[in-house]
Amino acid sequence: EDKVVQSPLSLVVHEGDTVTLNCSYEVTNFRSLLWYKQEKKAPTFLFMLTSSGIEKKSGRLSSILDKKELSSILNITATQTGDSAIYLCAGVFNDYKLSFGAGTTVTVRA
Amino acid sequence: DARVTQTPRHKVTEMGQEVTMRCQPILGHNTVFWYRQTMMQGLELLAYFRNRAPLDDSGMPKDRFSAEMPDATLATLKIQPSEPRDSAVYFCASGLVQGRGGQPQHFGDGTRLSIL
């Protein structure tokens with residue numbers, strides 16, 4: 001059965017800290033891994049990773065995939081209160097179905 | 001900015017009533033997904049369509065749930081009869097899948113459903 005596990009489940013940091021979120025996957029016919037940020041409403045797309053070892057960056061956020069270890073990390077540097085959200089990792093498999101992890105709740109305190 | 005549009009945003013109804021949720025995917029996207037999100041189960045895939053044809057609805061309770069795509073601009077998810085355990089946020093997402101390549105799914109804002 002396809003499985004995506006995220007850790008930690010939640011964390012609290014102070015503004016300016018760096019955060020590292022982990023995602024491991026066991027997905028049949030793996031195609032790619034996606035990261036989403038969910039605040040109050042819809043998950044919003046952050047990164048799509050298909051190739052191992054290539055870092056994707058957007059501002060203070062970055063992510064990398066390790067296909068050998070079946071894992072990915074999402075880094076947030078110089079955190080701000082606006083980074084408080086649930087971060088979801090999803091494995092894309094077979095016919096572009098997504099299998100989501102439970103998410104990591106990040107709380108950034110001022 | 002293209003968006004997935006879902007209606008209604010909120011729905012409160014009594015147990016046993018029929019509920020219909022609607023989704024307008026992003027124009028040009030050929031794949032539409034329905035998800036349900038709860039605190040206990042997280043995001044679960046209920047059903048999805050490619051070019052309006054249902055591909056997989058194995059995540060959906062078949063006795064009470066049904067999903068259709070009457071045309072390329074409208075997807076519907078119906079629950080009849082509704083039960084309190086159906087209370088959740090229901091998300092629609094759409095994406096473009098071509099050959100072996102695919103674009104990330106984009107989500108609507110969801111329908112928050114409460115069954116009393």
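Residues numbered from 1 in each chain as written. Chains lettered and ligands numbered in written order. Predicted model: local features only at pLDDT ≥ 70, side-chain atom pairs only at ≥ 80, totals over all residues. Heavy atoms only, no water.

**Let's talk about the overall build of chain B**
The test is simple: By the criteria applied, helices consist of DSSP H or I runs no shorter than four residues and strands consist of E runs no shorter than two, each listed in order from the N terminus. As defined in this context, the radius of gyration uses C-alpha atoms, and a globule is described by 2.2 Å times the residue total to the power 0.38.
Looking only at helices and strands, one finds 0 helices and 13 strands in chain B. Helices and strands appear in chain B in the N-to-C order β-β-β-β-β-β-β-β-β-β-β-β-β. Taken over the C-alpha trace, chain B has a radius of gyration of 14 Å; the compact-globule value for 116 residues is 13 Å, and the two agree within 12%. Projected onto its principal axes, the C-alpha positions of chain B cover 45 × 30 × 30 Å.

**Description of the interface of chain B and chain A**
Here is the rule: Two residues qualify as a contact provided that any one of their heavy atoms is within 4.5 Å of a heavy atom in the partner residue. Just to be clear on terms, a salt bridge is a Lys or Arg side-chain nitrogen sitting within 4 Å of an Asp or Glu carboxyl oxygen. What qualifies as a polar contact is a pair of N or O atoms within 3.5 Å, subject to a donor-acceptor requirement within protein and to the restriction that residues adjacent in sequence count only when both atoms come from side chains. Side-chain classes are defined by residue name, with Ala, Val, Leu, Ile, Met, Phe, Trp, Tyr, Cys and Pro counting as nonpolar, Asp, Glu, Lys and Arg as charged, and the others, Gly among them, as polar.
Across the contact, 22 residues belong to chain B and 15 residues belong to chain A. Viewed at the interface, chain A and chain B are joined by 2 salt bridges. A salt bridge links Asp109 of chain B to Lys41 of chain A; the shortest N-O distance between them is 4.0 Å. Summed over the shared surface of chain B and chain A, the number is 3 residue pairs in polar contact (both at pLDDT 80 or more). Sorting the residues of the side of chain B that touches chain A by element identifies strand S4 (31-38), strand S5 (42-50), strand S6 (53-56), strand S11 (101-102) and strand S12 (106-107) of chain B as the ones contributing at least two each. With 4 residues, S5 of chain B is the largest single contributor of residues to the side of chain B that touches chain A. Its residues assigned to classes, the side of chain B that touches chain A comprises 10 nonpolar, 7 polar and 5 charged.

**Looking at the side chain of Asn30 of chain B**
Following the sequence through the fold, Asn30 of chain B ends up in the loop between strand S3 (19-24) and S4. One polar contact links Asn30 of chain B to Thr31 of chain B, side chain to side chain, over a distance of 2.9 Å.

**A word on the pairing of strand S4 (residues 30-38) of chain A**
Residue and element names in this part refer to chain A. Which entries qualify depends on this criterion: Summary of the burial criterion: residues with accessible area below 20% of their type's maximum are buried, those above 50% are exposed, and those between are partly exposed, where the area comes from a 1.4 Å probe applied to protein chains only. Strands are treated as partners if at least two bridges between them are detected by DSSP.
Extensive coverage of S4 is indicated by the burial of 7 of its 9 residues. One ladder, built from 6 bridges, connects S4 with strand S5 (residues 43-49); its direction is antiparallel. Its bridge partner lying in S5, Trp35 is registered against Phe47. What sits between S4 and S5 in their antiparallel hairpin is a turn of 4 residues.

**Re the state of the cysteines**
This is how the line gets drawn: Here, two cysteine sulfur atoms that lie within 2.5 Å of each other are counted as a disulfide.
This model, assessed by the stated rule, comprises 2 disulfides over all chains. One disulfide bridge connects Cys23 of chain A with Cys89 of chain A, the sulfur atoms lying 1.8 Å from each other. Between Cys23 of chain A and Cys89 of chain A the sulfur-sulfur dihedral comes to about -60°; the bridge is accordingly left-handed. You can see Cys23 of chain A sitting in strand S3 (residues 19-26) and its partner Cys89 of chain A sitting in strand S9 (residues 85-93), a full 66 residues away along the chain. The pair Cys23 of chain A / Cys89 of chain A is uniform in exposure class, with both members buried. Between Cys23 of chain B and Cys92 of chain B runs a disulfide, and the two sulfur atoms are separated by 1.9 Å. Between Cys23 of chain B and Cys92 of chain B, the S-S torsion sits near -60°, and that sign places the bridge as left-handed. One end of the pair, Cys23 of chain B, is in strand S3; the other, Cys92 of chain B, is in strand S9 (residues 88-95), with 69 residues separating them in the sequence. Residue class for Cys92 of chain B comes out buried when judged on its relative accessible area of 0%.

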